[in-house]
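Per-entry structural report
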Amino acid sequence: MAYTAPKLTDYSESTLNEFTADLLKHLEAEAAKVDDEATWKAFRDRWMGRNNSIRVQVKEILLKAAPPAEKPRGGALYNDIESRIKDRVGRAEHSYKNVRPALNEALSSVFPAVTFPRLDITLPGIRRPLGAEHPVIKTMNEIVSVFRNLGYSVEEGPEIETDYYNFEALNFPPNHPARDTQDTLFIANQESKPLRDRLLLRTHTSPVQIRTMEKMRPPIRVVCPGKVHRNDAPDATHSPIFHQVEGLAVDTNITFCDLKGTLDHAMKALFGSSVKTRFYPSYFPFTEPSADVQISCIFCGGTGYRDGSRCPNCKASGWIELLGCGMVDPNVYGFVDYDARKVSGFAFGMGVERIAILKYGVDDIQLFFNGDVRFLEQFG
Ligand SMILES: [Zn+2]
């Protein structure tokens, strides 16, 4: 039902405030609907006309019907309301004559003629929230920048790889049991191709090392950041997609000492200068010798105890296992036509989510991937 100014039974300040607010709300709502000369004239006459317009109703209520003692206050309020109505009618006229044609012109350049939606130009604008770097990308960039500062350059490669680059050239011969540890996702319908040409989703970023050595001669110092895929069911610590940063340095006379010094420096740069590292014998087909690297627990300072109880992050051992590394196996050089008698090098690889989980105290890897803005905006 169309608005009419309600009769007043008392003229207290709170009643008058309520009366005014309600009237202005309807004035605004009706002004917003004005979009051409006809609607503007109807709006103007309904609010400002000489006979029974809302202005006339307000005058009746605030001046004529008011008790004598309330007339001065009623008169002042009427003057205020009348000038607001005049002002709004004037702005509605300006809007339909000037603003709306310009807006229509802009809209018709975007939408086909008249399919565009009716717009209420009095509504507040839409604020576009500022984006922030995803914590995984942020961590990946931090790791890369540590190695950039050591003179490493960045190399990238395809996520869909051939068996040759993902396995064979990295010294995983066909049927080697080490292939089973990689939980590989294979692309379907590849059986007619030779094994080395069959496609799969890369299980590590190591193929980029082979691709780099194929196109460059030593000295090489590269880091390879990127997404990798494994056939792992998602849970708090596993995800079928995750990210790695691998590194490769090949030159003459590179030794295990260089590897230890480089990774010790990188871990201190990432987790703080008080962090210690230790290297444990391990196995990877493409490095010999191979090692797992542990850092002293950043939660308990390497003591294994926090606030008098066992540290859950390192299971009271004082150490956290973080990455794998080793000296490049001489067999790998055979695949890229390097002379293993002349060059030596090391490689390392780390999971980006694993490091992000430690740095930010995140307890579920799925939080990185399910796109919940409430989680992500904490890193803004
Ligand atoms: Zn600990």
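Attention here is on the structure that accompanies the text.

**Thoughts on the packing of helix H2 (residues 37-48) against helix H4 (residues 71-110)**
- Close contact between H2 and H4 brings their axes to 10 Å; oriented N to C, the two are set at 175 degrees. As the angle between them shows, H2 and H4 are arranged roughly antiparallel. Residue-level inspection shows Glu 37, Trp 40, Phe 43, Arg 44, Trp 47 and Met 48 of H2 in contact with H4, the latter providing Ile 85, Lys 86, Arg 88, Val 89, Ala 92, Glu 93 and Tyr 96.
- Looking at side-chain class alone, the contact of H2 with H4 contains eight nonpolar, no polar and five charged residues.

**Observations regarding the pattern of salt bridges**
- For the coordinates displayed, the defined rule picks out 18 salt bridges.
- Arg 211 is the salt-bridge partner of Glu 161, the closest N and O atoms lying 2.8 Å from each other. Remark: Arg 211 occurs in helix H7 (residues 207-215) and Glu 161 occurs in strand S2 (residues 160-162); sequence separation between them is 50 residues.
- For Glu 161, a relative accessible area of 1% corresponds to the buried category.

**Regarding the nonpolar core**
- Within the largest apolar cluster, 43 residues are counted, with the highest numbers of intra-cluster contacts made by Phe 147, Leu 263, Met 267, Phe 271, Phe 348 and Met 350.
- Of all the secondary structure elements, the ones that give two or more residues to this core are helix H5 (135-148), strand S5 (241-251), helix H8 (256-271), strand S7 (287-296), strand S10 (319-328), strand S11 (344-351) and helix H10 (352-360).
- What Phe 271 contacts, discounting residues up to four positions off in sequence, is Ile 295, Ile 298, Leu 322, Ile 355, Leu 358 and Lys 359.
- Ranked by size, the runner-up nonpolar core spans 25 residues in total, among them Ala 31, Phe 43, Leu 77 and Ala 92.

**With respect to the side chain of Glu 353**
- For Glu 353, the position within the fold is in helix H10.
- One buried charge, Glu 353, has no salt-bridge partner; the nearest side chain with opposite charge is Lys 227, at 9.0 Å.
- Looking at Glu 353, its side chain comes within polar contact range of the side chain of His 243, at 2.6 Å.
- Other than its neighbours up to four places away in sequence, Glu 353 contacts Val 136, Phe 242, His 243, Ile 365, Phe 368 and Phe 369.

**Comments concerning empty space enclosed by the protein**
- Taken as a whole and assessed by the stated rule, the structure comprises one cavity of 30 Å³ or more.
- Looking at the largest cavity, the residues that line it are Leu 170, Gln 209, Ile 210, Met 213, Leu 248, Phe 286, Thr 287, Val 328, Val 332 and Ala 347.
- It is H7 that contributes the most residues to the lining of the largest cavity, three residues altogether.
- The residue inventory of the lining of the largest cavity, partitioned by class, reads eight nonpolar, two polar and no charged.

**Quick word on the coordination of the zinc ion**
- Coordination of the zinc ion by the protein comes from Cys 297 (SG), Cys 300 (SG), Cys 311 (SG) and Cys 314 (SG), over a distance range of 2.2 to 2.3 Å.
- Classification of the site at the zinc ion rests on its four donor atoms, whose angles at the metal span 103 to 117 degrees, yielding the label tetrahedral.
- All donors to the zinc ion come from one chain, and their sequence spacing reads C-x2-C-x10-C-x2-C. In this pair, Cys 297 is assigned in the loop between S7 and strand S8 (305-306) and Cys 311 in the loop between strand S9 (309-310) and S10, connecting sequence segments 14 residues apart.

**Considering H5**
- An ideal rise of 1.5 Å per residue puts 20 Å on 14 residues; H5 measures up with 20 Å between its terminal C-alpha atoms.
- Taken together, the buried positions of H5 are occupied by Pro 135, Val 136, Thr 139, Met 140, Ile 143, Val 144, Val 146 and Phe 147.

**Focus on the state of the cysteines**
- By the definition in use, this model includes zero disulfides.
- Between Cys 224, a free cysteine, and Cys 325, which holds the nearest cysteine sulfur, the sulfur-to-sulfur gap is 15 Å.
- Residue class for Cys 224 comes out buried when judged on its relative accessible area of 0%.

**Some details on the sheet that holds S11**
- The sheet built from seven strands is open, its strands ordered S1-S4-S5-S11-S10-S7-S6 with mixed pairing. Among the strands making up the open sheet, the edge pair consists of strand S1 (153-154) and strand S6 (277-284).
- Across seven bridges, S6 lies against S7 in antiparallel orientation. Within S7, the position partnered with Ser 282 by the bridge is Ser 290.

**Details of the environment of Ser 83**
- In this structure, Ser 83 sits in helix H4.
- Given the relative accessible area of 40%, Ser 83 is considered partly exposed.
- Remark: the alpha-carbon pair of Ser 83 and Glu 161, spanning 78 residues in sequence, is separated by 74 Å.

**Here we look at the layout of surface pockets**
- Empty space within the second largest pocket amounts to approximately 190 Å³.
- Pro 129, Leu 130, Gly 131, Ala 132, Glu 133, His 134, Pro 135, Val 373, Leu 376, Glu 377 and Gly 380 together form the lining of the second largest pocket.
- Counted by class, the lining of the second largest pocket contains six nonpolar, three polar and two charged residues.

Calculation rules
Residues numbered from 1 in each chain as written. Predicted model: local features only at pLDDT ≥ 70, side-chain atom pairs only at ≥ 80, totals over all residues. Heavy atoms only, no water. Axes fitted to C-alpha atoms, helices over the stretch in contact; angles between N-to-C directions. Helix = DSSP H or I, 4+ residues; strand = E, 2+ residues; numbered from the N terminus. Parallel < 35°, antiparallel > 145°, perpendicular 65-115°, else oblique. Contact = heavy atoms within 4.5 Å. Nonpolar A, V, L, I, M, F, W, Y, C, P; charged D, E, K, R; others polar. Salt bridge = Lys/Arg side-chain N within 4 Å of Asp/Glu carboxyl O. Buried < 20%, exposed > 50% of the residue type's maximum accessible area, 1.4 Å probe, protein only. Core = buried A, V, L, I, M, F, W, Y, C linked by side-chain atoms within 4.5 Å. Lys, Arg positive; Asp, Glu negative; His and termini not counted. Polar contact = N/O pair within 3.5 Å; in protein donor to acceptor, adjacent residues only side chain to side chain. 1 Å grid on protein atoms, 1.4 Å probe; cavity = no way out; pocket = protein on both sides within 12 Å on 5 of 7 lines; lining within 4 Å. Points joined across faces, edges and corners; volume = space filled by probe spheres on them. Donors = N, O, S within 2.8 Å, 3.2 Å for Na, K, Ca; no water. Tetrahedral: all angles 85-135°; square planar, octahedral: opposite > 155°, others 65-115°. Expected span 1.5 Å × (residues − 1). Disulfide = S-S within 2.5 Å. Pairing = 2+ DSSP bridges.

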